[in-house]
Amino acid sequence: MNAPTFKKFSQDNSVVIALAGNPNVGKSTVFNELTGLNQHTGNWTGKTVSTALGHYAYQGSDYTIVDLPGTYSLTASSEEERVARDYLCFGNYDCMVIVMDATNLERNLIFTLQLLEVNSKAVICLNLCDEARKKGIEIDINELTLHLGVPVIPTSARSGEGIDELRNAVKEVTENKRKTFSVKTEYPLEIDKAIEQCGNIPKWIALKLIEQDIDFVCEIAKNCEIPLEIEGISAIIEKEKARELIAQAIVHRCEYIVRECVTLISGDYTLRDRKIDRVLTSKKTGIPIMLGLLCVIFFLTAVGANYPSEWLSSMFSYIGRLLEKGATAIGMPLFLKGLLINGVYNTLTWVVSVMLPPMAIFFPLFTLLEDLGYLPRIAFNLDSAFRKAGTHGKQALTMCMGLGCNACGVTGCRIIDSPRERLIAIITNNFMPCNGRFPMLISVINMFLVSAVILPLRAVASAINLVAVIIVGVFVTLIVSKLLSVTVLKGKSSTFALELPPYRRPQLGRVIVRSMLDRTVFVLSRAVLVATPAGAIIWLFANINVGGASLLSQSAEFLNPFAELFGLDGMILMGFILGFP
């Protein structure tokens, strides 16, 4: 069998590593620890799925890591899963690193056993070993290595534990200094006979043929130079029975490995998480707790942002006065001084002083909830409402992402497989007020809604009103989603499989760095890029006179008839238009 020509992902002769695993196993953390900052993100050719590429050097060799989307099985149901499956089955890589969760070994083994039947040149990265120790889970690494046939390296990527050992194991496997062998799952006699009837083809392809995974079979037929008799498969064994027998065999193999390799010291290690979930995901307490947490976050954002905003405004004002004096001292023309200082500088500094403080507070708090494992619980609590609205439960996740940034929320809608439900999620995401709109909302709330409240309670009232605005946004999202799903975007809601990750203690240092660099600075830099030319254009409109009146006045006069239709005047409408940037 000849694999298709895949891009090698390396511009030199470096060793290419495919990084695979289930979602929520710390795969991205392993990737970051291996590569440091030597990484970049791009799209697969012809796909909307992004891939992170990283590079590192170890003992005289160069390595390129391809961080594949997380998936639970080689049976793909989404674009991300298809990309991961196709690359793992047909890709031009030298070795797999399969990341597994040490606290949930049995579930992770299902995908791992499938991968090891595809390619035995692999290293197991048994991650989250620190969490396993806390939960009283002991894993016999040597025994697990014997059962899987490939090196098993215990790691805790968040603290860097075992990363050097992982690099060493990858080097040994890719240089053939460490032998690996394919694991053999014992299938029922019917499946074994069916595999024989499939002819001289790899076992993992035979299993897919027997399961009659038609999409994958067609992909195999397209990418392999071997004849595949798709029409004759149904004569071998009935499809549903085949899938059931194969699944049972893999599950029994996983259970056996866990019995042989895992010892539980403290009994049921999931008891604590289940007790917390009884409260956080309860029909009675789940929604109120979610709203209470939002109130706390917005209270801290509203109160905490005031002081740094004032400090930044005062600092920028002082610097502005110094710039004006300096411009006057060097004889800068009044027009140029006004354009650069009163136009560009004042607009730019206003945007920074208003937007930076609330983002610098909100994003770390939001990231803390994400690292704790609480955001999937929010999606769980809201899934029923979205299902009744005729849409996908994953829309709850993209809606939550919209609180941080609507652009990220819209981009995140690609996790929804159904084109109909994906389009509904994209259309309605703008009803969630993003972090960039919080400064404006807080200002309006303070001016019009809580100005009469006594000062000590004003911040609390402001936070409650902001949460009320978000609740209105949620209701509007559900109402519009329902209207779309019964009119122009009719269709049946698809199923939603949601994994609730274990609760983990977040790493404050990483949270702050990630939220500041990846989110706050990113969003602020985009705002600055827009504010700089906008400030110049607004100043020019206000200061260039034509026929005895400024361009701004003439534009407002032109817009006046249209503005009167809305009960406004031309200058107010012009203010709205200039506010778009």
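As a starting point, this report considers the structure included with it. The model shown is predicted, which means the values in this text are computed figures rather than measured ones.

Conventions we followed
- Residues numbered from 1 in each chain as written.
- Predicted model: local features only at pLDDT ≥ 70, side-chain atom pairs only at ≥ 80, totals over all residues.
- Heavy atoms only, no water.
- Helix = DSSP H or I, 4+ residues; strand = E, 2+ residues; numbered from the N terminus.
- Buried < 20%, exposed > 50% of the residue type's maximum accessible area, 1.4 Å probe, protein only.
- Contact = heavy atoms within 4.5 Å.
- Areas by Shrake-Rupley, 256 points an atom, 1.4 Å probe, with all protein chains shown as cover.
- Pairing = 2+ DSSP bridges.
- Right-handed = clockwise from strand over helix to strand, strands pointing away.
- Core = buried A, V, L, I, M, F, W, Y, C linked by side-chain atoms within 4.5 Å.
- Arc of directions from axis to C-beta.
- Phe/Tyr/Trp six-rings, centres within 6.5 Å; stacked < 30°, edge-to-face > 60°.
- Lys NZ or Arg CZ within 6 Å of the ring centre and 35° of its normal.
- Polar contact = N/O pair within 3.5 Å; in protein donor to acceptor, adjacent residues only side chain to side chain.
- Axes fitted to C-alpha atoms, helices over the stretch in contact; angles between N-to-C directions.
- Parallel < 35°, antiparallel > 145°, perpendicular 65-115°, else oblique.
- Nonpolar A, V, L, I, M, F, W, Y, C, P; charged D, E, K, R; others polar.

As for the overall build of the protein
Counting its regular elements, the protein contains 22 helices and eleven strands. By residue count, 47% of the 581 residues in the protein fall in the buried class. Nonlocal contacts in the protein, meaning residues at least 24 apart in sequence, comprise 73% of its contacts between residues at least 6 apart. As presented, the protein carries roughly 28,900 Å² of accessible surface, and 61% of it is formed by carbon and sulfur atoms.

Concerning the pairing of strand S5 (residues 95-101)
Among the seven residues of S5, seven are classified as buried, and the element is accordingly described as predominantly covered. On S5, burial covers both faces: Cys95, Val97, Val99 and Asp101 on one face and Met96, Ile98 and Met100 on the other are all buried. Two strands pair when backbone bridges link them, and S5 and strand S6 (residues 122-127) are joined in this way by six bridges, in the parallel orientation. The residue of S6 that forms the bridge with aspartate 101 is asparagine 127. Taken together, S5, helix H3 (residues 105-118) and S6 form a β-α-β motif whose crossover is right-handed.

Points about the nonpolar core
Leu88, Leu126, Leu144, Leu148, Ile191 and Ile210 are the most contacted members of the largest nonpolar core, which totals 59 residues. The element contributing the most residues to this core is helix H10 (residues 239-261), with nine residues. Among all residues touching leucine 144, those that are not within four sequence positions of it are Leu105, Leu126, Ile139, Val152, Ile257 and Cys261. Ranked by size, the runner-up nonpolar core spans 41 residues in total, among them Leu294, Phe298, Met359 and Ala531.

Focus on helix H11 (residues 271-280)
Here H11 has its buried residues at Asp273, Asp277 and Leu280. With its buried residues spanning 70 degrees around the axis, H11 presents them on a single face.

A few points about the packing of aromatic side chains
For the structure shown, the criterion picks out four aromatic pairs. Arranged with centres 5.5 Å apart and planes meeting at 40 degrees, the rings of tyrosine 87 and tyrosine 93 form a pair that is tilted. Taking 6.0 Å as the distance between ring centres and 55 degrees as the angle between the ring planes, the aromatic pair formed by phenylalanine 558 and phenylalanine 562 counts as tilted. Here phenylalanine 558 pairs with phenylalanine 562, and both are found in helix H21 (residues 551-564), just four residues apart, close to one helical turn. Using a relative accessible area of 58% as the deciding quantity, one classes phenylalanine 558 as exposed. The ring of tyrosine 56 has arginine 167 lying over it, and the distance from NZ or CZ to the ring centre is 5.3 Å.

Focus on the environment of alanine 102
Tracing the backbone through its elements, the reader meets alanine 102 in the loop between S5 and H3. The class of alanine 102 is buried, set by a relative accessible area of 2%. Measuring from C-alpha to C-alpha, the distance between alanine 102 and isoleucine 137 comes to 8.2 Å, with 35 residues separating the pair along the chain. If we ignore the near neighbours within four places in the chain, the residues touching alanine 102 are Leu126, Asn127, Leu128, Cys129, Ala132, Ile137 and Ile139.

Examining the pairing of S6
Burial within S6 is extensive, with six of its six residues counted as buried. Going residue by residue along S6, you find Ala122, Ile124 and Leu126 tucked away on one face and Val123, Cys125 and Asn127 tucked away on the opposite face as well. For S6 and strand S8 (residues 152-154), the ladder comprises three bridges, and the chain directions are parallel. Opposite leucine 126, over in S8, you have proline 154 as the bridge partner.

Some thoughts on the environment of aspartate 569
Looking at the secondary structure, you find aspartate 569 in the loop between H21 and helix H22 (570-579). Separated by 13 residues in the primary sequence, aspartate 569 and alanine 556 place their C-alpha atoms 7.9 Å from one another. In contact with aspartate 569, not counting residues within four places along its chain, are Asn560 and Ala563. A polar side-chain atom of aspartate 569 sits 3.1 Å from the main-chain amide nitrogen of methionine 571.

Digging into the environment of leucine 365
Structurally, leucine 365 is set in helix H13 (residues 334-372). Separated by 69 residues in the primary sequence, leucine 365 and valine 296 have C-alpha atoms spaced 9.9 Å apart.

A look at the packing of H21 against H22
Interhelical geometry of H21 versus H22 gives an angle of 105 degrees and a closest axis separation of 7 Å. What the angle tells us is that H21 and H22 run roughly perpendicular. From H21, Leu552, Ser553, Ser555, Ala556, Leu559, Asn560, Phe562 and Ala563 reach across to H22, where they touch Gly570, Met571, Leu573, Met574, Ile577 and Leu578. Across the contact of H21 with H22, the residue classes tally to ten nonpolar, four polar and no charged.

Describing helix H8 (residues 203-211)
By the criterion of burial, H8 is predominantly enclosed, with eight of the nine residues buried. Within two residues after H8, glutamine 212 carries a phi angle of roughly 60 degrees, on the positive side.

What is shown is where atoms sit, not what they do.
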